[in-house]
Amino acid sequence: MRRLKRLETRLRRLRNRAAPLLYRGDAFHCPVCAGSFGKFRAAGRRRERRPDAVCPRCASRERDRLAFLFLRQTPPAGRVLHMAPEPCLRSRLRELAPGGYVSADLLRRDVDERADLGALPHADATFGGVYCSHVLQDVRDDIAAMAEVFRVLAPGGWAVLNVPVKAAKTTNHPDAPLRGRPQGDPRPPEHLRTYGPDFAERMASVGFRVRVVAAGDLATPDEQRRLGIASAAAGAIHFGVKP
Ligand SMILES: [Zn+2]
């Protein structure tokens, strides 16, 4: 197992070293690392395969690039809390947050603090921004978690609480096993909830003024293709402001 892991690491290093040659070109542009490439890496398996999905340099996905495009235009006024941090967005969010940056996760060790979204260890009105993407579908009480995010935000502060929206209406799956799995766990993801577009109303129910931003609100169809945010995999940004 360890030998397989070492081989995998070696192959990844080799691929990264070859990336400038393999992906040379200008047809695609990643706003997260500002790199231009002939193509992006494909992701997903079989029927879920997404061509031109992942940046070969910073590994941003469609949804990361869409979120960063938006956040670049909407920098936070204060300190930022980045829950379950995407590696490609960490340094970029840090740069955008003049008031400071904290990364947190329930289980991961590569973060500034361990924190449970349902009971954040921060005082009221501590942050100017909270970024938490693709986490709430695995949280047992998502409304309570969103109320926690609302509580730790200062008035005027914002939260980006993105989730996969895959159904006509939000449905709970209370029997799904709790996610919270260690990194590298090979079991398939089991979500506690499938969200519908009514997620925006759930977010508003804890007090947020909500705006749903899609790729078409930020870029022309040609730009969307070049930035790799034209497909449904980019999702939409659920942006909430604390009045
Ligand atoms: Zn990139």
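Everything that follows concerns the structure shown earlier in this document.
Attention in this report is confined to the structure presented alongside it.

### Quick word on the coordination of the zinc ion
- Of the protein atoms, only Cys30 (SG), Cys33 (SG), Cys55 (SG) and Cys58 (SG) coordinate the zinc ion, at distances of 2.3 Å.
- Here the zinc ion binds four donor atoms, and the angle range of 105 to 118° at the metal identifies the geometry as tetrahedral.
- Counting the intervening residues between successive donors of the zinc ion yields the motif C-x2-C-x21-C-x2-C. Residue Cys30 is found in strand 1 (residues 28–30), and its partner Cys55 is found in the loop between strand 4 (50–54) and helix 2 (62–73); the two are separated by 25 residues along the sequence. Note on accessibility: Cys30 and Cys55 belong to one class, buried.

### A short note on the packing of aromatic side chains
- Tallying each qualifying case throughout the model produces six aromatic pairs.
- For the pair Phe70 and Phe239, a centre-to-centre distance of 4.9 Å together with 75° between the ring planes defines the contact as edge-to-face. One end of the pair, Phe70, is in helix 2; the other, Phe239, is in strand 13 (residues 237–241), and 169 residues separate them in sequence. The same class applies to Phe70 and to Phe239, which are both buried.
- Centre to centre, the rings of Phe150 and Phe208 are 5.1 Å apart; their planes meet at 85°, and the pair counts as edge-to-face. One end of the pair, Phe150, is in helix 4 (residues 142–152); the other, Phe208, is in the loop between helix 5 (199–204) and strand 12 (209–213), with 58 residues separating them in the sequence.

### Quick word on the pattern of salt bridges
- Evaluation of the coordinates by the stated rule reveals eleven salt bridges.
- Glu62 is the salt-bridge partner of Arg50, the closest N and O atoms lying 2.7 Å from each other. Of the two residues, Arg50 is situated in strand 4 and Glu62 in helix 2; the sequence distance between them amounts to twelve residues.
- Looking at Arg50, the relative accessible area reads 27%, which means it is partly exposed.
- Owing to a relative accessible area of 3%, Glu62 belongs among the buried residues under this scheme.
- A salt bridge links Arg202 to Asp142; the nearest nitrogen and oxygen atoms lie 3.0 Å apart. Note that Arg202 is positioned in helix 5 and Asp142 in helix 4, a separation of 60 residues in sequence.
- Connected through salt bridges with shared partners, the residues Arg90, Arg108 and Asp110 form a single ionic network.

### Some thoughts on the sheet that holds strand 13
- Strand order in the open sheet formed by seven strands is 7-6-5-8-9-13-12, with mixed pairing between adjacent strands. Every other strand in the sheet has two partners, leaving strand 7 (113–114) and strand 12 as the edge strands with one partner each.
- Across the sheet, helix 2 is in contact with strand 8 (127–131), strand 9 (153–160), strand 12 and strand 13; its angle to strand 13 comes to roughly 35°.
- Sheet strands in contact with helix 4 are strand 8 and strand 9, and its direction is about 135° off that of strand 9.

Criteria and cut-off values
Residues numbered from 1 in each chain as written. Predicted model: local features only at pLDDT ≥ 70, side-chain atom pairs only at ≥ 80, totals over all residues. Heavy atoms only, no water. Donors = N, O, S within 2.8 Å, 3.2 Å for Na, K, Ca; no water. Tetrahedral: all angles 85-135°; square planar, octahedral: opposite > 155°, others 65-115°. Helix = DSSP H or I, 4+ residues; strand = E, 2+ residues; numbered from the N terminus. Buried < 20%, exposed > 50% of the residue type's maximum accessible area, 1.4 Å probe, protein only. Phe/Tyr/Trp six-rings, centres within 6.5 Å; stacked < 30°, edge-to-face > 60°. Salt bridge = Lys/Arg side-chain N within 4 Å of Asp/Glu carboxyl O. Pairing = 2+ DSSP bridges. Contact = heavy atoms within 4.5 Å. Axes fitted to C-alpha atoms, helices over the stretch in contact; angles between N-to-C directions.

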